[in-house]
Amino acid sequence: MGGFGSWRRVSTPVIVGVALALGASASAQEPKPGGVLRVGLQGDFTTMDPHMSTSAEDRDLYYQLYSPLVGLDANLKIVPELAEAWEQPDPLTYVFRLRKGVKFHDGTDLTAEVVKWNFERMLNPATGSIRRSELGNVKSVDVLNPLTVRINLKEPDAVLLATLSDRAGMMVSRAAVEKHGKDFARNPVGTGPFQFVEWAKDDHLTVRRFPGYWKSGLPYLDEIVYKPIPDHSVKLTALRTGTLDLIDDLPPKDVTPLKGNAKLRVIETPGLGYRRIELNHTRPPFNLKALRQAVAWAINREAIHRAVFFGAGAPAQGPIPPRSWAYEPLPGYGTTPDLAKVKEKLAEGGQPNGFRFVLNVVNTPVAQKQAEIIQDNLKRAGIDMEIALLEVGAFDEKRRALQFDGAEGRWSGRVDPDGNMFAHLITGGANNWGKYANPRLDDLLRRARSAAQPGERKRLYAEALRIIIDDVPIVFLHHDAWTKAWDTRVQGYVEIPDGRMRFERVWLGR
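Described below are features of the structure shown in this document. Note that residues are indexed from 1 along each chain, following the sequence as it is written. Where totals are concerned, whole chains, interfaces and linings use all residues; where local detail is concerned, this predicted model gives features only for residues with pLDDT of at least 70, and gives and counts side-chain atom pairs only at 80 or more. Based on all heavy atoms of the structure, the side-chain values leave hydrogens and waters out of the count.

Strands here are runs of E lasting at least two residues and helices are runs of H or I lasting at least four, both read from the DSSP assignment and numbered beginning at the N terminus. Along the backbone of the chain there are 15 helices and 23 strands. The C-alpha atoms of the chain give 23 Å as radius of gyration, which agrees with the globular expectation for 510 residues (24 Å, within 12%). In terms of its C-alpha atoms, the chain occupies a principal-axis envelope of roughly 70 × 55 × 40 Å. Three labels apply to residues, based on accessible area from a 1.4 Å probe with only protein chains included: buried if under 20% of the type maximum, exposed if over 50%, partly exposed otherwise in between. The buried share of the chain, taken over its 510 residues, is 59%. A fraction of 70% describes how many contacts in the chain between residues 6 or more apart in sequence connect residues 24 or more apart. Here the chain has roughly 20,300 Å² of accessible surface; of this, 51% comes from carbon and sulfur atoms. Once the 68 positive and 61 negative side-chain charges of the chain are each reduced to a mean point, those two points are 2 Å apart. C-alpha atoms define the radius of gyration, and 2.2 Å times the number of residues to the power 0.38 defines the globule rule. In what follows, a contact means two residues having at least one pair of non-hydrogen atoms within 4.5 Å. Here the accessible surface of atoms and residues is derived via Shrake-Rupley with a 1.4 Å probe, and residues count as covered only by protein chains that are part of the display. Only four residue types enter the charge count: Lys and Arg as positive, Asp and Glu as negative, with His and the chain ends excluded. Charge placement uses NZ in Lys and CZ in Arg. For Asp and Glu, CG and CD serve respectively.

Structure (structure tokens):
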């Protein structure tokens, strides 16, 4: 292998984004070390093992505990993290050079051997890692020297770097996993700016500054305490009264009024994900395309956008959000119902007088309000939809067991369109909860993942979107905006448009 002087950072297509450097006064002040940041989250964490997680809340913690091989800047460009450089000598090979001297929180070294072990852990079916499907193109990993690894691919993969900026690229301590086994999920050890202290389920989780962090001088905070508070009103009151410093996932109705509070900063960031109705393709009624189309034509997406989200975000016709480089403004099923089309599709599906189904919904005010609008829309079209409000655990259990007709879901979104489509729509995909199967779509999504040129990838995604709109594997509803609010003493927070919280440069004023 040649000298490192010839290495380069390989560019990759990214979302069209806008840097959101927030807290303008922060840049004019000297960061002040110390203090405890108190963060209110919508829900509790599920696991502290990034290779096993399926939760958006978990991702907000992981960027404190772990460092990925590569990261994202405020414009969603791929930047170095644990890998200080990389090259792609041919379409089937990536070579990463690791930083020297990086330590895990348990004092062990980050080496090429540990990176190889991390990949093999995620790829081993016995591990049960959901990251296995994200790394499905990885054939093998070789150690070239103590700080250099080579990833060998089965097929060209234009998405790999974006994938490695998230949980699949987060390296865990091999020594800690071998010590704790499955209990690693409650004893996490990474290379991130903060190390784990304690987790009292449904009450709080605390992390503390890691003095051996590989970025000199960071982080500024001494500790972060996370509090799960599912009740929006309680969480908002805690922020207003100074019990919390920062909260996520604001109720849409509260965003505009909060912007008038001089003691708070409030942000809305166009999101990368979408809300949807997942449909069970293995049984009636949604094993019939015409009945899936009838539901899609009956929904008033504009009403949802206005009444539930107060105009923030955008109605969704597919899985790619408007800010993506791959977005195509296809008409889809429109923003308002077409009852003539619904009638036509009901007759085509052998149910001219309508049909009945149950929609499983996680019991939150936003999801419930959205479901009630959909219920009213469908009733006007002759379709009887029963709403089943469930707690998260029961909802997930029924989804995994395929015990649903329809399920209201929310995907937090990924930088590359592949992350919003592949695992959700390909036959056997890890997030294909309704067991949809379409060989033509499978082929297009595999080709889009492998294509080297952005223009060719966009063409393939547009073709895939036309199939998705026609076949309705999922009913797409809305692209949400990310919302957060914090006390003005919180300084230095930079919102990366993937919506995840990163606190290594945050500090407390006053």
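Strands sit in the order β9-β10-β11-β2-β12-β20-β13 across an open sheet of seven strands; the sheet is mixed. The sheet terminates laterally at β9 (194–200) and β13 (264–270), the two strands that pair on one side only. The sheet shows a mean angle of 20° between the axes of neighbouring strands, direction not considered. The pairing criterion is simple: DSSP has to find at least two bridges between the two strands. Judged from the four bridges that link them, strand β10 (residues 204–209) and strand β11 (residues 223–228) form a sheet pairing that is antiparallel. Bridge pairing in β11 places Thr-206 opposite Val-225. Throughout, an axis means a line fitted to C-alpha atoms (over the contacting stretch in the case of helices), and angles, computed between N-to-C directions, take values from 0 to 180 degrees. Here helix α7 (residues 252–259) sits on the sheet in contact with β13 and β20 (481–487), set at roughly 135° to β13.

Helices are assigned an expected span. That span is 1.5 Å times one less than the residue count. The end-to-end C-alpha separation of helix α11 (residues 365–380) is 23 Å, in line with the 22 Å expected for 16 residues at 1.5 Å each. Along α11, the positions that sit buried rather than exposed are Val-366, Ala-367, Gln-370, Ala-371, Ile-373, Ile-374, Asn-377 and Leu-378. An end-on view of α11 places all buried positions within 160° of arc, on one side of the element. Every exposed residue of α11 that faces more than 90 degrees away from the buried side is listed here: Pro-365, Lys-379 and Arg-380. A positive phi of about 90° marks Gly-382, the residue just after α11. It is the directions from the helix axis to the C-beta atoms whose arc is reported.

So, on to the sheet that holds strand β8 (residues 148–153). One open sheet holds the four strands; their spatial order is β5-β6-β8-β7, and the pairing between them is antiparallel. Every other strand in the sheet has two partners, leaving β5 (83–90) and β7 (138–145) as the edge strands with one partner each. Neighbouring strand axes in the sheet, compared pairwise and without regard to direction, differ in orientation by 20° on average. Inspection of the sheet shows β5 paired to strand β6 (residues 93–98) by five bridges, in the antiparallel sense. The residue bridging Ala-85 from the neighbouring strand is Arg-97, located in β6. Helix-sheet contacts for helix α2 (residues 112–123) involve β6, β7 and β8, and the interaxial angle to β7 is about 170°.

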